Amino acid sequence: MSKQEKLSSIERIKTESHGLRGSIVESLHDELTGAIREDDQALIKFHGMYQQDDRDRREERAEKKLDRLYSFMIRLRLPGGFLKPEQWVATHQIAGEHSTGVIKITSRQTVQLHGLIKSHIKPTIQAFNESKLDSIATCGDINRNVLCSSHPGESPIHEQVFAYADKISQLLMPKTKAYYEIWLDEEKLIDKKDEEDPLYQDRYLPRKFKIAIAIPPNNDVDVFANDLGLIAVIENDVLKGFNIAIGGGLSTTHGNPETYARLATVIGFTDTEEKTLSAIYEVLTIQRDYGNRSDRKLARLKYTVDKLGVAWFKEELERRIGFQLEPARKYALTKRVDHFGWKQNAAGTWHYTVLVENGRVLDTESLPLKTALFEVAKTGKANFRFTCTQNLILSDIATSDKETVHQILERFGIIKHTEYSSAIRKNSMACVALPTCPLALAEAQRYLPDLITKIEPLLEKYNLSEDEIVIRMTGCPNGCARPYVAEIGFVGTATGKYNLHLGGDRQGQRLNKIYAESQEESQILSILDNLFQTYSIERNLGETFGDFSVRQKWVIHD
Ligand code: SRM
Ligand code: SF4
């Protein structure tokens, strides 16, 4: 960054925060408002929280000259997305006591609770802490929740690879003890040397940082959408190491041509744990030292990599780690799926993948999902694993316990819901958007299920119901449900309007492009009707909708 460029305001907030403390304690004690001070709003993100307000009620409250209805969202740190049954029981109870009650499984394998009022934040964190759960570094300019391929049945050495998610998360945790002091009432540190942080220093990263581990052949983590992607190289059931990819990221901003989605570039291979962790760590230090700290729209690693060049980046990385990366090993990511229903893994245990539409665990009249999962968790017979497409795997179930779990799922209609839902619904994902997301321009998770209900008959009309088309929607171009790597992507532009993107491949290795801008529902349905008709008539055997869209030149790739 040149000396003339002005640092963004967040940079000052970070460096002056005394290890992410700021005046959070004072903000919490201020009873005159349900909000917290502006600087502290940036700092609580590093502790895993966001201040929000109910956007459905903004107008009504403004008319009554009332303050916005402030509340907070909290996001857990769950490397690889894993909870023991007793931790799910606790999460269920905490959600009921302190939040809206809905448990939201996110697109990055963790859970969020919404609607916490200020006085409930601390009790929530304390309750989570009793179950050995925390929300440290799940937001903010820091390494976020580390993803790992979800399904234990996918590889006999899943657990060995999966363990890396936790190792990486631990390696990249901030050293400040602010979280423990503020939320858990632990004693203040006298000797500040204990929290000196060689990685993050006092400025942290220029922007958020995301890491995912893929276990081929499944790209369920969307590995190339991450700042840093690891692709496990496994030969004869032995983990040989990881291919490393850098510079993925999806967010764009409408009307800002300098922003773009980018898939990560594979730069090499590391064979030992020590080398892999060292390379990861130093990718972060390069981004710390060279990332853009003046324009947050251009601060992600993808822009740093493109600004300095992949070759420069690799050379600088090798200089910092003190060894050369080996050439990337061959890999094949041939699918991107959640395996719904019952599956058995090599060790003989069972897993049931539940369809959780858009990750929303709640009870409705027709589907008491939250109660069903609570009943399963209370038996203690299944672990809870979250997929990167907001679904849930009830896992590690002994053969002798399978029937008990099955009965519960059957009784509450979960089996029917999961197994009878259409292929397109099973391959859909939407971000939170309204009413809590302050950045939403349009609906997403509250709307996509209805839109799919209208798309299903179109597919049926052309005998395409079995086609596993990946369809995703977000309420704005930030891309939280990764719509830019979907075969059909919807990106909100205004209330009820979406850019329609086409041409992503099924495995998440090709970005899509805008096909039609700011379309309303009736336009979307009419476009899809025509496209599906052509696809059903002219596709080659086994050709996916995304590949067909490109071959037909509905969108042009450079
Ligand atoms: Fe996201 C901001 C929700 C995954 C790109 N994202 C937000 C905020 C926190 C809005 C805000 O800044 O105030 C949203 C909170 C909504 C709410 O009410 O809960 C939000 N993002 C989500 C989640 C919950 C979507 C979901 O429905 O699952 C996902 C939580 C993941 C997690 O557990 O950590 C979520 N966000 C993503 C992804 C997908 C991914 O990482 O695989 C992306 C695109 C990939 C990427 O980062 O390039 C994503 N979110 C963003 C961005 C754009 C970042 C950028 O590079 O510019 C923002 C806005 C920002 O950071 O300024 C954002
Ligand atoms: Fe909010 Fe936009 Fe992310 Fe959706 S994509 S959750 S609207 S920031």
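Residues numbered from 1 in each chain as written. Chains lettered and ligands numbered in written order. Predicted model: local features only at pLDDT ≥ 70, side-chain atom pairs only at ≥ 80, totals over all residues. Heavy atoms only, no water.

## A closer look at the coordination of the iron atom of ligand 1
Move 1: Coordination of the iron atom of ligand 1 by the protein comes from a single atom, Cys480 (SG), at 2.3 Å.
Move 2: Following the sequence through the fold, Cys480 ends up in the loop between β17 (471-474) and β18 (488-494). (Donors = N, O, S within 2.8 Å, 3.2 Å for Na, K, Ca; no water. Helix = DSSP H or I, 4+ residues; strand = E, 2+ residues; numbered from the N terminus.)

## Comments concerning the site of ligand 2
Move 1: Residues in contact with ligand 2, as listed here, are Cys431, Val432, Ala433, Cys437, Leu439, Ala440, Thr474, Gly475, Cys476, Asn478, Gly479 and Cys480.
Move 2: Along the lines of polarity and charge, the residues of the shell around ligand 2 split into eight nonpolar, four polar and no charged. (Near = heavy atom within 4 Å. Nonpolar A, V, L, I, M, F, W, Y, C, P; charged D, E, K, R; others polar.)

## Observations concerning the environment of Gly229
Move 1: Mapping Gly229 onto the fold places it in strand β8 (residues 228-235).
Move 2: Using a relative accessible area of 0% as the deciding quantity, one classes Gly229 as buried.
Move 3: The sequence separation of Gly229 and Gly247 amounts to 18 residues, and the corresponding C-alpha distance is 8.6 Å.
Move 4: Leave out the neighbours within four places in its chain, and Gly229 touches Ala212, Val223, Asn243, Ile244 and Ala245. (Buried < 20%, exposed > 50% of the residue type's maximum accessible area, 1.4 Å probe, protein only. Contact = heavy atoms within 4.5 Å.)

## Structural notes on the nonpolar core
Move 1: One finds Ile168, Trp183 and Leu394 to be the most contacted residues of the largest nonpolar core, which totals 101 residues.
Move 2: The residues touching Ile168, leaving out its near neighbours within four places in the chain, are Asn143, Val146, Ile211, Ile213, Leu230, Leu277 and Ile280.
Move 3: Counting 39 residues, the second largest nonpolar core, distinct from the first, contains Ile469, Phe490, Tyr498 and Leu502. (Core = buried A, V, L, I, M, F, W, Y, C linked by side-chain atoms within 4.5 Å.)

## A short note on empty space enclosed by the protein
Move 1: Per the counting criterion, the structure on display carries three cavities of 30 Å³ or more.
Move 2: Taken as a whole, the largest cavity holds about 110 Å³ of empty space.
Move 3: Around the largest cavity sit Asp220, Arg336, Val337, Asp338, Phe340, Thr389, Lys426, Asn427, Ser428, Val470 and Arg472, which together line it.
Move 4: Taken together, the residues that form the lining of the largest cavity break down as three nonpolar, three polar and five charged.
Move 5: Taken as a whole, the second largest cavity holds about 40 Å³ of empty space. (1 Å grid on protein atoms, 1.4 Å probe; cavity = no way out; pocket = protein on both sides within 12 Å on 5 of 7 lines; lining within 4 Å. Points joined across faces, edges and corners; volume = space filled by probe spheres on them.)

## A closer look at the side chain of Asp222
Move 1: Counting through the fold element by element, Asp222 comes out in the loop between β7 (211-214) and β8.
Move 2: Residue classification places Asp222 among the buried residues on the basis of a relative accessible area of 1%.
Move 3: The residues contacting Asp222, other than those within four sequence positions of it, are Arg336, Arg472, Arg482, Val485 and Gly508.

## Quick notes on the pairing of strand β14 (residues 383-386)
Move 1: Side chains Asn383 and Arg385 of β14 all project onto a buried face; the interleaved residues Phe384 and Phe386 project onto the opposite face, where all are buried too.
Move 2: As paired strands, β14 and strand β15 (residues 392-397) are joined by four bridges and run antiparallel to one another. Each residue of the ladder has a partner; that of Phe386, found in β15, is Leu392.
Move 3: In this antiparallel pair of consecutive strands, β14 and β15, the connection spans five residues, and Gln390 shows a positive phi of 70°. (Pairing = 2+ DSSP bridges.)

## What to know about the site of ligand 1
Move 1: Close to ligand 1 lie 30 residues, the nearest being Thr106, Leu250, Thr436, Cys480 and Arg482.
Move 2: In the model, an oxygen atom of ligand 1 is placed 3.0 Å from a nitrogen or oxygen of the Arg108 side chain.
Move 3: Taking Arg207, its side chain carries an N or O atom lying 3.0 Å from an oxygen atom of ligand 1.
Move 4: Those elements giving two or more residues to the shell around ligand 1 turn out to be β1 (49-53), β2 (70-75) and β5 (111-116).
Move 5: Classifying every residue of the shell around ligand 1 by side-chain character gives 10 nonpolar, 12 polar and eight charged. (Polar contact = N/O pair within 3.5 Å; in protein donor to acceptor, adjacent residues only side chain to side chain.)

## A few points about the packing of aromatic side chains
Move 1: Scanning all chains against the criterion turns up 20 aromatic pairs.
Move 2: Centroid distance Phe82 to Phe162: 6.2 Å. Interplanar angle 70°. Geometry classified as edge-to-face. Pair noted here: Phe82 is in strand β3 (residues 82-83) and Phe162 is in helix α7 (residues 158-171), with a separation of 80 residues, a long-range link.
Move 3: Among the residues examined, Phe162 registers a relative accessible area of 11% and is labelled buried.
Move 4: Through pairs of rings, three or more aromatic residues link up here, namely Phe532, Tyr535, Phe545, Phe548 and Trp554.
Move 5: For the cation-ring pair, Arg385 lies above Phe162, with the distance from its terminal atom to the ring centre recorded as 5.3 Å.
Move 6: Over the face of the ring belonging to Trp342 we find Lys402, whose NZ or CZ atom lies 5.1 Å from the ring centre. (Phe/Tyr/Trp six-rings, centres within 6.5 Å; stacked < 30°, edge-to-face > 60°. Lys NZ or Arg CZ within 6 Å of the ring centre and 35° of its normal.)

## Remarks on unusual backbone geometry
Move 1: The linkage connecting Pro216 with the following residue, Pro217, adopts the cis geometry, with an omega of 10°.
Move 2: With respect to the element layout, Pro217 can be found in the loop between β7 and β8.
Move 3: That bond from Leu434 to Pro435 is cis: its omega, 10°, falls within 30 degrees of zero.
Move 4: The topology assignment puts Pro435 in the loop between β16 (428-430) and α16 (448-461).
Move 5: Positive phi is not limited to glycine here, since Tyr204 has a value of about 55°.
Move 6: Of note, Tyr204 is situated in the loop between α8 (178-184) and β7.
Move 7: Of note, the phi angle at Asn463 is positive, near 55°, even though the residue is not glycine.
Move 8: Inspection of the secondary structure puts Asn463 in the loop between α16 and β17.
Move 9: Assessed through its relative accessible area of 71%, Asn463 is described here as exposed.

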